[in-house]
Protein chains: 2
Amino acid sequence: MPNTHYFTPGPAALYPTYAQHLQEALHLQIGSISHRSRFFSEIYEQTYRALQQLLGFDDEVAVLFVGSATEVWERSIQNGVDSRSAHLVNGAFSEKFYQFAKLLQKDAIAHTVAEGKGFVAEEVLQTFQEAHKIKPIDFLAFTHNETATGVSTPSETIERIADAFPDAIRVVDMVSSAPYPHIDFRKVESAFFSVQKAFGMPAGLGVWLVNHKFLKKSEALAQKGAITGTYHRLSELWKHFEQFQTPATPPVLPIYLLGKIAEDLNQIGIEQVRKLTDQKAQLLYEAIGKSKSLEIAVAEPAHRSATVVVANTQKEASALIEQIKNDLNMEIGAGYGKAKNTQIRIANFPAVDFSATQQLADYLAQC
Amino acid sequence: MPNTHYFTPGPAALYPTYAQHLQEALHLQIGSISHRSRFFSEIYEQTYRALQQLLGFDDEVAVLFVGSATEVWERSIQNGVDSRSAHLVNGAFSEKFYQFAKLLQKDAIAHTVAEGKGFVAEEVLQTFQEAHKIKPIDFLAFTHNETATGVSTPSETIERIADAFPDAIRVVDMVSSAPYPHIDFRKVESAFFSVQKAFGMPAGLGVWLVNHKFLKKSEALAQKGAITGTYHRLSELWKHFEQFQTPATPPVLPIYLLGKIAEDLNQIGIEQVRKLTDQKAQLLYEAIGKSKSLEIAVAEPAHRSATVVVANTQKEASALIEQIKNDLNMEIGAGYGKAKNTQIRIANFPAVDFSATQQLADYLAQC
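Please read all numbers here as calculations on a predicted model, not as lab measurements.

**Student:** When you look at the pattern of salt bridges in this model, what are you seeing that I'm missing?
**Tutor:** Residues and elements named next belong to chain B. Under the counting rule described, the total for this entry stands at 40 salt bridges over all chains. For Arg160, the salt bridge identified is with Glu122, shortest N-O distance 2.3 Å. In this pair, Arg160 is assigned in helix α6 (residues 155-163) and Glu122 in helix α5 (residues 121-134), connecting sequence segments 38 residues apart. We classify Arg160 as partly exposed; its relative accessible area is 42%. Ionic pairing is found between Lys213 and Glu189, a salt bridge with its closest N-O pair at 3.1 Å. Here the residue Lys213 occupies a position in helix α7 (residues 212-223), and Glu189 occupies one in the loop between β8 (169-173) and β9 (190-194), the gap between them amounting to 24 residues.

**Student:** Please explain the relation of the copies chain A and chain B as it appears in this structure.
**Tutor:** The second copy of the chain is related to the first by a rotation about an axis and a shift along the axis. Note on the copies: chain A fits chain B at an RMSD of 0.0 Å, the axial shift is 0.0 Å, and the rotation between them is 180°. Taken together, the turn and the small shift mark the pair as related by a two-fold rotation axis. If distances are taken from each C-alpha of chain A to the rotation axis, the shortest is found for A:Gly67, at 2.6 Å. Same-surface contact between copies: 100% of interface residues of chain A are shared with the interface of chain B.

**Student:** So what exactly am I meant to see when it comes to the confidence of the model for chain A here?
**Tutor:** Caution applies to low-pLDDT regions: their predicted coordinates should not be interpreted in detail. Chain-level statistics for chain A give a pLDDT mean of 97 and a share of 99% at 70 or above. For this predicted complex, the interface score ipTM comes out at 0.97, alongside a pTM of 0.98.

**Student:** Would you mind going over empty space enclosed by the protein with me for this structure?
**Tutor:** Which parts of space are left empty comes out when a probe the size of a water molecule is rolled across the atoms. Summed over all chains, the structure comprises 7 cavities of 30 Å³ or more. The volume enclosed by the largest cavity comes to roughly 330 Å³. What lines the largest cavity is a set of 30 residues, and nearest its centre among them are A:Val66, A:Gly67, A:Ser68, A:Glu71 and B:Gly67. Looking at the lining of the largest cavity, the elements with two or more residues in it are β2 (62-66) of chain A together with β2 (62-66) of chain B. Contributing to the lining of the second largest cavity are 21 residues, with A:Leu253, A:Pro254, B:Tyr18, B:Leu253 and B:Pro254 lying nearest its centre. Put simply, the parts of the chain that give the lining of the second largest cavity at least two residues each are α1 (18-27) and α9 (252-268) of chain A together with α1 (18-27) and α9 (252-268) of chain B.

Parameters and conventions
Residues numbered from 1 in each chain as written. Chains lettered and ligands numbered in written order. Predicted model: local features only at pLDDT ≥ 70, side-chain atom pairs only at ≥ 80, totals over all residues. Heavy atoms only, no water. Salt bridge = Lys/Arg side-chain N within 4 Å of Asp/Glu carboxyl O. Helix = DSSP H or I, 4+ residues; strand = E, 2+ residues; numbered from the N terminus. Buried < 20%, exposed > 50% of the residue type's maximum accessible area, 1.4 Å probe, protein only. Least-squares fit on C-alpha atoms with pLDDT ≥ 70 in both. Contact = heavy atoms within 4.5 Å. pLDDT = per-residue confidence, 0-100. 1 Å grid on protein atoms, 1.4 Å probe; cavity = no way out; pocket = protein on both sides within 12 Å on 5 of 7 lines; lining within 4 Å. Points joined across faces, edges and corners; volume = space filled by probe spheres on them.

Dropping the structure here:
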């Protein structure tokens, strides 16, 4: 059977050069090298530099490796919340981040809008500033791209809200959009993602970007007697990062491969990656607009995700997914949770090329 | 350059069939499949069954996947300690497990013996039973194989101590020995390991075996208001395990590969795997005994690890390591921590065959 084209929102299609970098890694025996070796530190540093160029942050920002972006939800709350966390919630994943704060017994509040909707900065600010007067908000949780609904929060909206809380730890979940969004690290303290989305790798690595202010906050929390974690508490990760090391044996092979794929994306150039993403997204949204049985799920154009395109279906989503599999040998995603059979989700990551996207778009337009 | 033989205690040599299973996994596009698919559940179940046969546990025991064995230290303490944890400490790794309990602000005690020494059941029991009278011990932490020193704690010693605390949660770190030791799950509630040691895989997956009693303890702790974690709290992992699913996207590819390697080990048969391990260990220990410049580090034969063989060196360990690299194209491990330049550590995992081990042993005997 020829290879299936994966348009699923994670795990997703592997990046075209993934297999080749993997062969090279096996040749170099990277699966066996010591994580305390100079070789490993060089790999860590290379991956750091490649991500730095791609995502545009300065040397004040650390890149820390953990198991998954889900782990970052937990670690960032443990290390960042003292008084109260405030969450922008508009779908299952931003909701989970909020629930993690409660499970960790932090005081947490949410500004919630309906699934499929985006945020209006003024409304969010009203909720949070009101709450802030009663008890200070010291942690702000943004989800750049809500993977469950295909709603994106524009960087300008994030920055506008972040600017109103300059003393807070402001974190951006960019799980299903990195490296697409431009995050300004003068405005936020942290951002994070997993590699199985737009970086086109198998799951098994979380990437956590953190600045000094967040580190200092974590240290102050520990000083006050809070539990900030063990091997993956921020201070421990950071201390090792300074030597391009990790507190415990990390996923060495995925760290190497992430660096290689980031370098490949740098060869294309981040602006070109964004442009291609936009062009492919436009193809998909236009096709859904033309289709008689499909409807773009996110009504407001400014809130439509460029990386996870969601459509409402007239017939059962599962039937359409099966049909596309049979006719095109392409795998698209089902809706999330209760939308499982009424929506489809189409990932638009760099791993999938223009022609395959065009083929899918042409098909959808006829549906 | 021909492949280096890795005799390092983790990351270690890749299992001989690893690359072939990886190619097959790429062909099956396992890096892209959904972790919510039936295909993934089948992979999880296959890996569960293969480990069940290899390690000899019944259906009452769950196999849970996390990021690393280091993560299991943290999760097991969060989910298992109410009153007090008691740790058998004889090296850097068992010490870290103990320190994790303190970082999580649990009441923790240790029975500590010098590095290079093993435990005498009566002495441990005396320490712990004395402490237990003052404040009950409800969590017992064993390290089957102390990777830093090459000291093993025989199963009989573990069982003897475990039997004295039938109500406690008794956990066995078998990071650098699994699948070699036989763990009786009627005597302990949990055991765990990482895949980058004796399973011959790149790092990036922790395997946590847990029984119902541990689950119930975790639920009782949560009921009392303790923080037991978020996505990787025991009840959440277990709930998903019942459907062969995971709470968040797991490292799907490593879970598949672990199952394949466990199946390969089952083809050989666990008894034969143990026998070969013993034979190779004997070769190495005899060679070190014959050497003029080396000395077996663990004085008591019953406490010598079969899987991590440690020797004291007369000259600088780094020089010997370099020499072996140049002469044999073999990589052996340095001593751990302050023993870095006075000891060598040689992993004796299933991935390394008899003839390579013989070659190394012959060389060491002449040192």
